[in-house]
Amino acid sequence: MYDWLNALPKAELHLHLEGSLEPELLFALAERNKVALPWGDVESLRKAYAFNNLQEFLDLYYAGADVLRTEQDFYDLTWAYLEKCKAQNVIHVEPFFDPQTHTDRGVPFEVVLRGIQGALKDGEKQLGISHGLILSFLRHLSEEEAFKTLDQAMPFRDAFIAVGLDSSEVGHPPSKFQRVFDRARAEGFLTVAHAGEEGPPEYIWEALDLLKIERIDHGVRAIEDERLMQRIIDEQIPLTVCPLSNTKLCVFDHMREHNILDMLERGVKVTVNSDDPAYFGGYVTENFQALHEHLGMTKEQAQRLAQNSLDARLVK
Ligand SMILES: Nc1ncnc2[nH]cnc12
Ligand SMILES: [Zn+2]
């Protein structure tokens, strides 16, 4: 089944480039940039990949991102991800990056963007993978800081298809960023947001009604609110679901309890994605494989999930 799932043409719509930083590359970049690491070797870093919730993961993810310093680092990170995509027949990607994770450490916005963009363009030419880049705001930071980041992006407006919202969800509702998203939409950005990963269904309502999002990132807690489910089904609003992420971060205790196939059968436009594959144990095919192994996903269901990912692209 793995090889069959791997060969299925698919798009990845929920992937944080910083979350594709494999421990081996992390150590290589630390050496290149003379960054001291708190972990002795790749194995002890991997051992630290045991999380009880989103925040425990984010603490490690931001610490790991500290090795990314130069344009070449961001190129190498993005290129390594695209090579994985090629090997898994991912033909289109719409990745996120978090500019504030880097600008707050003194790495200029344009250094980050040039590295990522260079690799995405080469990926299109050399690997045949099309793309749309999403600038994601860190929701644990202030509205003012998000506005500042949007201002920094404006000279490079054409590099982006959309803005997004990620990081610590609970306590940072979408409403906190309504005015930032209003401005972004006025500038022609589409919008997406993480909602209903750890946060309640109310955050999904806010993301839809206040941020006017095109897709819900995660959204698995929508199932707790029947009226919300009906709206998502009626309006065919895509959900970018990340099964391995959800089990690694204890949103579900076990893959057997994941609701993605129940949602699929109810007519929700769900898609399968890897979120932060270096930290959660696999890329897109491994996520499909886990659904097959633990939930009995059939080939026909896999085909519908893959087709949903192609249909839910922001870049058509
Ligand atoms: N799963 C996730 N949720 C929120 N913010 C993130 N940043 C990277 N991965 C994330
Ligand atoms: Zn995510």
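Above: the structure in question.
Source: prediction; values computed, not measured.

Draft legend 1. Quick look at the pattern of salt bridges. In the structure shown here, the tally under the stated rule is 17 salt bridges. We note a salt bridge from R69 to D66, for which the minimum N-O separation is 3.2 Å. Here R231 ties to D209 by a salt bridge, and the two come within 2.8 Å at their closest N and O atoms. Of this pair, R231 sits in helix α11 (residues 226-234) while D209 sits in helix α10 (residues 201-209); the two residues are 22 residues apart in sequence, bridging distant segments of the chain. By sharing partners, the salt bridges in this structure join R32, D73 and D76 into a single network.

Draft legend 2. Region of the structure containing the packing of aromatic side chains. Following the criterion strictly, the structure yields 16 aromatic pairs and no others. Ring centres of F57 and F280 lie 4.8 Å apart, and the angle between their planes is 50°; on these two criteria the pair is classed as tilted. One end of the pair, F57, is in helix α4 (residues 54-64); the other, F280, is in helix α14 (residues 277-280), and 223 residues separate them in sequence. F280 matches F57 in its accessibility class, with the two residues each being buried. Among the aromatic residues, those joined into a ring-pair cluster are Y49, F51, F57, Y61, Y62, Y279 and F280. The ring of F189 is capped by R157, whose NZ or CZ atom sits 3.9 Å from the centre of that ring.

Draft legend 3. Main features of the site of ligand 1. Close contacts around ligand 1 come from H16, L54, F57, L58, Y61, D166, S167, H194, E197, H218, D275 and D276, and that covers them all. Contacts to ligand 1 include S167, whose backbone N or O atom sits 2.8 Å from a nitrogen atom. With the chains in place, 100% of the 260 Å² that ligand 1 exposes on its own is no longer accessible. It is α4 that contributes the most residues to the shell around ligand 1, four residues altogether. Looking at the shell around ligand 1, its residues break down into four nonpolar, four polar and four charged.

Draft legend 4. Structural context of the sheet that holds strand β2 (residues 90-93). Across the sheet, three strands lie side by side as β1-β2-β4; this open sheet has parallel pairing. Two strands bound the open sheet, and with one partner strand each, they are β1 (10-12) and β4 (130-131). Sheet analysis places β1 next to β2, joined by three bridges and oriented parallel. Of the residues in β2, the one forming a bridge with A11 is H92.

Draft legend 5. How the structure looks around the side chain of N6. Relative to the elements of secondary structure, N6 occurs in helix α1 (residues 2-7). Residue contacts for N6: discarding those within four places in its chain leaves A87, Q88, N89 and T285.

Draft legend 6. Spotlight on empty space enclosed by the protein. Within this structure, the stated rule accounts for one cavity of 30 Å³ or more. Considering only enclosed or pocket space, the largest cavity measures out at about 100 Å³ in volume. Surrounding the largest cavity, 16 residues form its lining, H16, L54, F57, L58 and H194 being those nearest its centre. No other element matches α4, which puts five residues into the lining of the largest cavity. Its residues assigned to classes, the lining of the largest cavity comprises seven nonpolar, four polar and five charged.

Parameters at a glance
- Residues numbered from 1 in each chain as written.
- Chains lettered and ligands numbered in written order.
- Predicted model: local features only at pLDDT ≥ 70, side-chain atom pairs only at ≥ 80, totals over all residues.
- Heavy atoms only, no water.
- Salt bridge = Lys/Arg side-chain N within 4 Å of Asp/Glu carboxyl O.
- Helix = DSSP H or I, 4+ residues; strand = E, 2+ residues; numbered from the N terminus.
- Phe/Tyr/Trp six-rings, centres within 6.5 Å; stacked < 30°, edge-to-face > 60°.
- Buried < 20%, exposed > 50% of the residue type's maximum accessible area, 1.4 Å probe, protein only.
- Lys NZ or Arg CZ within 6 Å of the ring centre and 35° of its normal.
- Near = heavy atom within 4 Å.
- Polar contact = N/O pair within 3.5 Å; in protein donor to acceptor, adjacent residues only side chain to side chain.
- Areas by Shrake-Rupley, 256 points an atom, 1.4 Å probe, with all protein chains shown as cover.
- Nonpolar A, V, L, I, M, F, W, Y, C, P; charged D, E, K, R; others polar.
- Pairing = 2+ DSSP bridges.
- Contact = heavy atoms within 4.5 Å.
- 1 Å grid on protein atoms, 1.4 Å probe; cavity = no way out; pocket = protein on both sides within 12 Å on 5 of 7 lines; lining within 4 Å.
- Points joined across faces, edges and corners; volume = space filled by probe spheres on them.

By themselves, these figures tell us nothing about what the structure is for.
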